[in-house]
Amino acid sequence: MRKIPFAIAALATCAMTVAAAAQPAFVERKQVSAATARKLVDACIAYAEARHETIGCAVVDVAGVLIDFHAMQGGQATFAETAILKAKTAVHWQRATSSLEEDVNSKRNQASVWIGDFPRAGGVPIVIEGQVAGAIGVGGGGAPEQFAKAALETVLGKQPAGR
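Only a predicted model underlies this, so the values are computations on that prediction, with no experimental measurement involved. (Residues numbered from 1 in each chain as written. Predicted model: local features only at pLDDT ≥ 70, side-chain atom pairs only at ≥ 80, totals over all residues. Heavy atoms only, no water.)

1. Things to note about the overall build of the protein chain
Then, in step 1: Helix and strand counts for the protein chain come out as 6 helices and 4 strands.
Then, in step 2: Tracing the protein chain from N to C terminus, the helices and strands come up as α-α-β-β-α-α-α-β-β-α.
Then, in step 3: In the protein chain, which comprises 163 residues, the proportion classed as buried is 37%.
Then, in step 4: In the protein chain, the proportion of contacts linking residues at least 24 apart, taken out of those at least 6 apart, comes to 64%.
Then, in step 5: For the protein chain, the accessible area works out to roughly 9,500 Å², and carbon and sulfur atoms hold 58% of it. (Helix = DSSP H or I, 4+ residues; strand = E, 2+ residues; numbered from the N terminus. Buried < 20%, exposed > 50% of the residue type's maximum accessible area, 1.4 Å probe, protein only. Contact = heavy atoms within 4.5 Å. Areas by Shrake-Rupley, 256 points an atom, 1.4 Å probe, with all protein chains shown as cover.)

Structure representation (structure tokens):
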């Protein structure tokens, strides 16, 4: 009688081992390319120039590492810094920084401040085939998130809502 429970336990162990062995050794992840990052920055700068605004624009990869950046002549130094911070924050939270700003201002959730992110409007995730592949951040301008979204739409087409 004791042999049956041991046999069942052995089969279950083998089944779990086979299932674990079937797990992939790596995960494929979409990432924004350097060429696409340059196109996004150029599109954002062109959008700002057409509106006679001065901005800084940054694109980061999925890990928050800066890929491309441009600060327009005559802008405040903070435009450059905040563009990078907004992009990093957007990719870290995988959503637009305007929603984080709303959370902080309403005192609904201040975690982004506590961990040192920059919850101010102007950072937007870059979504490719349903995956966050990086983010774009804009510092300066009257409506920085609008600049970021315009650049994304120009280069990659309409992005999914809710990010």
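Next comes the rest of the description.
2. Concerning helix α4 (residues 97–105)
Then, in step 1: Of the residues making up α4, those classed as buried are T97, S98, L100, D103 and V104.
Then, in step 2: Packing partners of the buried residues in α4 comprise α3 (77–93), α5 (111–114), β3 (123–128) and α6 (144–156).
Then, in step 3: Just past α4, the residue K107 takes up positive phi, approximately 65 degrees.

3. Side note on a nonpolar patch on the surface
Then, in step 1: On the surface, a cluster of nonpolar side chains totalling about 360 Å² of accessible area is made up of V113, W114 and I115.
Then, in step 2: Assignment of secondary structure puts I115 in the loop between α5 and β3.
Then, in step 3: Its relative accessible area of 52% is what places I115 among the exposed residues. (Patch = residues over 30% accessible without salt bridge, like charges linked within 9 Å, V, L, I, M, F, W, Y side chains within 5 Å. Salt bridge = Lys/Arg side-chain N within 4 Å of Asp/Glu carboxyl O.)

4. Re the packing of helix α2 (residues 34–50) against α6
Then, in step 1: Closest axis-to-axis distance for the α2/α6 pair is 8 Å, and the angle between their directions is 125 degrees. In this view, α2 runs oblique relative to α6, as classed from their interaxial angle. Remark: the crossing between α2 and α6 carries right-handed chirality. Counting all contacts with α2, which are made through T36, K39, L40, A43, C44, Y47 and A48, the residues of α6 involved are Q146, F147, A148, A150, A151, L152, T154, V155 and L156.
Then, in step 2: Here the contact of α2 with α6 is composed, by residue class, of 12 nonpolar, 3 polar and 1 charged. (Axes fitted to C-alpha atoms, helices over the stretch in contact; angles between N-to-C directions. Parallel < 35°, antiparallel > 145°, perpendicular 65-115°, else oblique. Left-handed = near helix turned anticlockwise from the far one by under 90°. Nonpolar A, V, L, I, M, F, W, Y, C, P; charged D, E, K, R; others polar.)

5. Description of the environment of R120
Then, in step 1: Structurally, the position occupied by R120 is in the loop between α5 and β3.
Then, in step 2: Non-local contacts of R120, meaning those with residues more than four positions away in its chain, are made with K86, T97 and E101.

6. Considering the pattern of salt bridges
Then, in step 1: Counted by the stated rule, this structure contains 7 salt bridges.
Then, in step 2: Where R95 meets D103, a salt bridge forms, and the shortest distance between an N and an O atom there is 3.1 Å.
Then, in step 3: Here R95 falls in the partly exposed class, since its relative accessible area comes to 23%.
Then, in step 4: Its salt-bridge partner being K149, residue E145 comes within 3.0 Å of it at the nearest N-O pair. Within this pair, E145 and its partner K149 are both found in helix α6, separated by 4 residues, close to a single helical turn.
Then, in step 5: In this structure, a network of salt bridges that share partners links the residues R38, D42 and D68.

7. Describing the packing of aromatic side chains
Then, in step 1: Evaluated as defined, the whole model comprises 1 aromatic pair.
Then, in step 2: Ring centres of Y47 and F147 lie 5.2 Å apart, and the angle between their planes is 85 degrees; on these two criteria the pair is classed as edge-to-face. With Y47 in helix α2 and F147 in helix α6, this residue pair connects regions lying 100 residues apart in the sequence.
Then, in step 3: Residue Y47 is classed as buried on the basis of its relative accessible area of 17%.
Then, in step 4: In this arrangement the basic side chain of R51 is found over the ring face of Y47, its NZ or CZ atom lying 3.5 Å from the centre. (Phe/Tyr/Trp six-rings, centres within 6.5 Å; stacked < 30°, edge-to-face > 60°. Lys NZ or Arg CZ within 6 Å of the ring centre and 35° of its normal.)

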